[in-house]
Amino acid sequence: MRRLPFLVLLLLSACHEAPRAREFEGTPAFHYIESQVAFGPRIPGTAAHQRMTAWLDSLLRRRADTLVTQEWTHVTTKGDTLALTNFVARFNPSAGKRILFLAHWDSRPTADSPTSPDSTRPVPGANDGGSGVALLLGVADVLKRHPSNLGVDLLFVDGEDFGDFTKTPEDVLMGSRYYAAHQVAGPQPLYAVLFDLIADKDLQIYQEGNSLVGAPEVVDLVWSTARDLGYSNYFIDSPKHTLIDDHLELQKAGIRAIDVVDFDYPSWHTIGDTIDKVSAASLQVVGDVAVALIRREEK
């Protein structure tokens, strides 16, 4: 993901209310982050990436009604051949009314943030990659326990964070670009929500600029759902950052996609993106919103 010039507006204050009864379980979801970090950086072409592939495949086959795997190879601008895999965990696959949640599962090969103390090492990816995957797996657990009459697809995209977003744009967002060109059969989702960097201990999710341009009604839906749950101090009803992220590839394919992302994360693209920077409490907040979106569309 890469930040573009951003727009700053006044922050709208809102009260905090007690959350409703929860289906999403933040602590087990946090353990999914721990498991990913234990593999090591999940960089395409590495043993850790292969272990993560097998782990996701095993978990999702036990939870989803149908699991679609998309496997392909990508030749980078440097000539390296990468084996990549998307996973589409489908719940109630015959339903005509569907929504799509997605996250990237790879991690960045170089900690190239200007604030990183060492740019030669890879990013551990606890929040950047790990948190989005953990959230989707937590949602999968909810849907396994309490099936929905809504169709839900959980898309785990590979190769989001491999290259340089400015110099080699073809070597990033690879999984979402592949999915956009090879969508699963059936109707397009009503909308899609990308979850990225959503377990920061200091959780502050502003509205993202390209989401407001490409699918403003979906932004309104997500933030109003968070407000109804009493989470307005986490989902801040104001734009701030404008990002190049996986949602843009889906927007190009006609899907109403937005980015739910806490980009005010000091450890982004640094060697400090470690397990101590993320929390089960933040996962709980965003997981509650994700499940509430599903239950809202069931009505």
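Preceding this section is the structure that the text describes.
I will try to describe carefully the structure that is included in this document. (Residues numbered from 1 in each chain as written. Predicted model: local features only at pLDDT ≥ 70, side-chain atom pairs only at ≥ 80, totals over all residues. Heavy atoms only, no water.)

**What to know about the overall build of the protein chain**
Step number 1: Summing up its helical and strand segments, the protein chain has eight helices and 10 strands in all.
Step number 2: Over its C-alpha atoms the protein chain spans a radius of gyration of 18 Å, differing by no more than 12% from the 19 Å that the globule rule assigns to 299 residues.
Step number 3: Viewed in the frame of its principal axes, the protein chain has a C-alpha envelope of about 50 × 45 × 35 Å.
Step number 4: Considering the protein chain as a whole, with its 299 residues, one finds that 60% of them fall into the buried category. (Helix = DSSP H or I, 4+ residues; strand = E, 2+ residues; numbered from the N terminus. Rg over C-alpha atoms; globule rule 2.2 N^0.38 Å. Buried < 20%, exposed > 50% of the residue type's maximum accessible area, 1.4 Å probe, protein only.)

**Observations concerning the pattern of salt bridges**
Step number 1: A full pass over the atoms with the stated rule returns 16 salt bridges.
Step number 2: Here arginine 61 makes a salt bridge to aspartate 57, at a shortest N to O gap of 2.8 Å. Of the two residues, arginine 61 and aspartate 57 are both situated in helix 2 (residues 47-61); the distance of four residues between them amounts to about one turn of the helix.
Step number 3: A salt bridge links glutamate 298 to arginine 295, with the shortest nitrogen-to-oxygen separation between them at 2.6 Å. Residue glutamate 298 and its partner arginine 295 are both found in helix 8 (residues 280-298); the two are separated by three residues, about one turn of the helix.
Step number 4: Residue classification places glutamate 298 among the partly exposed residues on the basis of a relative accessible area of 24%.
Step number 5: Judged by relative accessible area, arginine 295 falls into the buried class, the value being 15%.
Step number 6: Three or more residues joined by partner-sharing salt bridges are found here, namely Glu23, Arg295 and Glu298. (Salt bridge = Lys/Arg side-chain N within 4 Å of Asp/Glu carboxyl O.)

**Quick word on the sheet that holds strand 3 (residues 81-91)**
Step number 1: A sheet is described by the order of its strands in space; here six strands give the open sequence 2-3-5-4-6-10, paired in mixed fashion. In this open sheet, the two edge strands, each paired with only one partner strand, are strand 2 (66-75) and strand 10 (257-261). Neighbour to neighbour, the strand axes of the sheet diverge by 20 degrees on average, direction disregarded.
Step number 2: Sheet topology places strand 4 (residues 98-104) next to strand 5 (residues 151-157); seven bridges connect them, and they run parallel. Bridge pairing in strand 5 places phenylalanine 101 opposite leucine 154.
Step number 3: Sheet strands touched by helix 3 (residues 130-145): strand 3, strand 4, strand 5 and strand 6 (192-196). Its angle to strand 5, the strand with the most contacts, is close to 150 degrees.
Step number 4: Across the sheet, helix 4 (residues 174-181) touches strand 2, strand 3, strand 4 and strand 5, and the angle it forms with strand 2 is around 115 degrees. (Pairing = 2+ DSSP bridges. Axes fitted to C-alpha atoms, helices over the stretch in contact; angles between N-to-C directions. Contact = heavy atoms within 4.5 Å.)

**Structural notes on the side chain of serine 107**
Step number 1: Structurally, the position occupied by serine 107 is in the loop between strand 4 and helix 3.
Step number 2: Judged by its relative accessible area of 0%, serine 107 is buried.
Step number 3: A polar side-chain atom of serine 107 sits 2.6 Å from the main-chain amide nitrogen of arginine 42.
Step number 4: Excluding residues that lie within four positions of it along the chain, serine 107 makes contacts with Pro41, Arg42, Ile43, Val123 and Gly125. (Polar contact = N/O pair within 3.5 Å; in protein donor to acceptor, adjacent residues only side chain to side chain.)

**Details of the packing of aromatic side chains**
Step number 1: Tallying each qualifying case throughout the model produces eight aromatic pairs.
Step number 2: With a centroid separation of 6.4 Å and an interplanar angle of 50 degrees, the aromatic rings of phenylalanine 87 and tryptophan 105 are classed as tilted. Residue phenylalanine 87 is found in strand 3, and its partner tryptophan 105 is found in the loop between strand 4 and helix 3; the two are separated by 18 residues along the sequence.
Step number 3: The class of phenylalanine 87 is buried, set by a relative accessible area of 1%.
Step number 4: Accessibility expressed as a relative area gives 0% for tryptophan 105, which makes it buried.
Step number 5: On the basis of an interplanar angle of 65 degrees and a centroid distance of 6.0 Å, the ring pair of tyrosine 231 and tyrosine 234 is categorised as edge-to-face.
Step number 6: By relative accessible area, tyrosine 231 is classed as buried at 2%.
Step number 7: By relative accessible area, which is 25% here, tyrosine 234 ends up partly exposed. (Phe/Tyr/Trp six-rings, centres within 6.5 Å; stacked < 30°, edge-to-face > 60°.)

**What to know about helix 3**
A turn of α-helix holds 3.6 residues, and therefore any two residues three or four places apart point the same way.
Step number 1: Relative to the 22 Å expected for 16 residues at 1.5 Å per residue, helix 3 spans 23 Å between its end C-alpha atoms, a close match to the ideal helical length.
Step number 2: Among the 16 residues in helix 3, 14 count as buried, and that is most of the element. (Expected span 1.5 Å × (residues − 1).)

**Considering the pairing of strand 8 (residues 235-239)**
Successive residues of a regular strand alternate their side chains across the two faces of the sheet.
Step number 1: For strand 8, the buried fraction is high: four of the five residues fall into the buried class.
Step number 2: Pairing between strand 7 (residues 205-207) and strand 8: three bridges, direction parallel. Bridged to glutamine 207 within strand 8 is proline 239.

**Here we look at the environment of valine 218**
Step number 1: Tracing the sequence through the fold places valine 218 in helix 6 (residues 216-228).
Step number 2: The spatial distance from the C-alpha of valine 218 to the C-alpha of serine 279 is 26 Å, given a sequence separation of 61 residues.
Step number 3: Look past the residues within four positions of valine 218 in its chain and what remains in contact with it is Tyr191, Ala192, Arg256 and Ile258.

**A closer look at the pairing of strand 6**
Step number 1: With respect to burial, strand 6 is a largely interior element, five of its five residues being buried.
Step number 2: Note that strand 4 and strand 6 share three bridges and pair parallel. Bridge pairing in strand 6 links leucine 100 to alanine 192.
Step number 3: Taken together, the five bridges between strand 6 and strand 10 define a ladder with parallel strand orientation. Opposite alanine 192, over in strand 10, you have alanine 257 as the bridge partner.

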